[in-house]
Amino acid sequence: MRSSYKKEDVIWLLKDITGLVEPQSAEERERQIQSGRHYCEMLPLEYVPGSAYMKIYQEALKHFAAPVAAAVGRLSDRIMEERGRSVVLVSLARAGTPVGILIKHYIMQKYGVNVPHYSISIIRGRGIDRNAMAFLLKQHQPEQLLFVDGWIGKGAILGELEKEMEAYEGVSPELAVVADPANMTRLCGTHEDILIPSSCLNSTVSGLVSRTFLRDDIIGPEDFHGAVYYGELQDSDRSGDFIRTIEAEFQKENLSEERPADGPGIDEVREIARQFAIQDINLVKPGIGEATRVLLRRVPWKVLIREGLQMDPSLAHLIRLAEEKQVPVEYYPLRHYKACGLIRKLADT
């Protein structure tokens, strides 16, 4: 798999399917998803942000590089304390990949250990890439593998991981993330719903790699899950700049984190679904990262923002995107999350 990352930073266990899949608009994908087709069988048109949105992204990166770097540092210290020097990072493509690179760099700088880092695909409802897992287990011991992602929204991927790892004796289903506002894992940098600026963009901050893809006519039984390389977007690529900007804020010692909100975030998600008469909980996307994805890749109904955060700089990109796409913003008493994206059933519109 090609990418714009340095080869020594990540080994992609993905099949390059560039040119084999025609991307579709958000509207067309949403119709097909809600008609029963799985999202992994399609690829979205990549959102290429304009200058106004990129200015907001740069501001977000400037404001939040330090807190993200601190969270990466806390997470990396925990990984070394609990897993030790033989750990193997397995990031979940694609949001986990820049986080895996940052952890790898932090561990190298602080501990002098060059830990292996792979990126593999896991898809909600379809499971983990079994061929990629077979490859990893030929190279490493089961107890060495540690899965990495950017954040936990309501825990769907964590649940998928826990179910899938029942087939792999000795492989922990634990998920290491920078931010866990859902309060579902110990192995996190923070339980606060912080802005990880890489969530503001798509492939242009993820090595120019698409989200992962799985369809029988293109992915054979012996293949890794697929992804597309968007080489035509190289002039807009900010992947390396994102890594360097966060890395510049790394500290050897990081302040302890705040207490998490009481209870699991999934309870709040269920409350939101009831409040807005949403039958399918998958149409509720909590957290800054997930709300951003809704605006970039889905057909959103509305965006909820925690009351009192009208001027919070971590939400400026969400408000800008909502304006651009004419999506209403509603201020709501969120507890675990700063923002939440809602997708309405097309049948209801």
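Below you will find a few notes about this structure. (Residues numbered from 1 in each chain as written. Predicted model: local features only at pLDDT ≥ 70, side-chain atom pairs only at ≥ 80, totals over all residues. Heavy atoms only, no water.)

### Focus on the sheet that holds strand β4 (residues 117–120)
Thinking step 1. If you walk across this open sheet you meet the six strands as β1-β4-β3-β7-β8-β9, and the pairing is parallel. Either end of the sheet is taken by a strand with one partner, and the two such strands are β1 (11–12) and β9 (188–190).
Thinking step 2. Relative to strand β7 (residues 145–151), strand β3 (residues 88–92) runs parallel, the two sharing four bridges. Residue pairing across strands places V88 opposite L145, the latter belonging to β7.
Thinking step 3. Lying on the sheet, helix α3 (residues 96–111) is in contact with β1, β3, β4, β7 and β8 (175–179); it crosses β7 at an angle near 115 degrees. (Pairing = 2+ DSSP bridges. Helix = DSSP H or I, 4+ residues; strand = E, 2+ residues; numbered from the N terminus. Contact = heavy atoms within 4.5 Å. Axes fitted to C-alpha atoms, helices over the stretch in contact; angles between N-to-C directions.)

### Quick word on the pairing of β3
Thinking step 1. Most of β3 is tucked away, with five of its five residues classed as buried.
Thinking step 2. A two-sided burial pattern is seen for β3, the buried positions comprising V88, V90 and L92 on one face and L89 and S91 on the other.
Thinking step 3. The pairing of β3 with β4 spans four bridges and is parallel. Bridging across to β4, L89 finds its partner in H117.
Thinking step 4. Following the chain from β3 across α3 to the adjacent parallel β4, one finds a crossover that is right-handed. (Buried < 20%, exposed > 50% of the residue type's maximum accessible area, 1.4 Å probe, protein only. Right-handed = clockwise from strand over helix to strand, strands pointing away.)

### Things to note about the pattern of salt bridges
Thinking step 1. Scanning the model with the defined rule gives 20 salt bridges in all.
Thinking step 2. For R31, the salt bridge identified is with E28, shortest N-O distance 3.0 Å. Note that R31 and E28 are positioned in helix α1 (residues 26–34) at a spacing of three residues, about one turn of the helix.
Thinking step 3. Note on R31: relative accessible area 46%, which makes it partly exposed. (Salt bridge = Lys/Arg side-chain N within 4 Å of Asp/Glu carboxyl O.)

### Structural notes on the packing of aromatic side chains
Thinking step 1. As enumerated under the stated definition, the model contains six aromatic pairs in all.
Thinking step 2. Ring centres of F135 and F224 lie 6.3 Å apart, and the angle between their planes is 90 degrees; this geometry places the pair in the edge-to-face category. Residue F135 is found in helix α4 (residues 130–139), and its partner F224 is found in the loop between β9 and β10 (226–227); the two are separated by 89 residues along the sequence.
Thinking step 3. Using a relative accessible area of 31% as the deciding quantity, one classes F135 as partly exposed.
Thinking step 4. The exposure class of F224 is partly exposed, given its relative accessible area of 22%.
Thinking step 5. Linked through ring pairs, Y118, F135 and F224 together constitute an aromatic cluster. (Phe/Tyr/Trp six-rings, centres within 6.5 Å; stacked < 30°, edge-to-face > 60°.)

### A closer look at unusual backbone geometry
Comment: phi is negative for the bulk of residues other than glycine, and the bulk of peptide bonds are trans.
Thinking step 1. In this structure, the amide linkage connecting A93 to the following residue, R94, adopts the cis form with an omega of 0 degrees.
Thinking step 2. With respect to the helices and strands, the residue R94 is situated in the loop between β3 and α3.
Thinking step 3. At N183, a position not held by glycine, the phi torsion is positive, near 60 degrees.
Thinking step 4. Mapped onto the elements of the fold, N183 is located in the loop between β8 and β9.

### What about the sheet that holds strand β14 (residues 339–342)?
Thinking step 1. In space, the four strands of this open sheet follow the order β11-β14-β12-β13, with mixed pairing throughout. Edge strands, defined here as strands with exactly one partner in the open sheet, are β11 (284–286) and β13 (329–332). Taken pair by pair, the neighbouring strands of this sheet meet at an average axis angle of 25 degrees, ignoring direction.
Thinking step 2. Pairing of β11 with β14, which is carried by three bridges, proceeds in the antiparallel orientation. By the bridge assignment, P286 is partnered in β14 with C340.
Thinking step 3. Each of β11, β12 (302–306) and β14 is contacted by helix α8 (residues 288–297), which is oriented at about 35 degrees to β14, the strand it contacts most.

### What about the state of the cysteines?
Thinking step 1. Counted under the stated rule, the structure contains zero disulfides.
Thinking step 2. Lacking any disulfide linkage, C340 is separated from the closest cysteine sulfur, that of C200, by 17 Å.
Thinking step 3. C340 sits in the buried class, given a relative accessible area of 0%. (Disulfide = S-S within 2.5 Å.)

### What about the nonpolar core?
Thinking step 1. Core analysis: the largest hydrophobic core is formed by 63 residues, its most contacted members being Y57, V72, I103, F242 and I246.
Thinking step 2. Looking at this core, the elements with two or more residues in it are α2 (51–83), α3, β7, β8, α6 (239–247), α8, β12 and α9 (316–324).
Thinking step 3. No other element matches the 14 residues that α2 contributes to this core.
Thinking step 4. One finds Y118, M133, V171 and L342 within the second-largest nonpolar core, a separate group that totals 40 residues. (Core = buried A, V, L, I, M, F, W, Y, C linked by side-chain atoms within 4.5 Å.)

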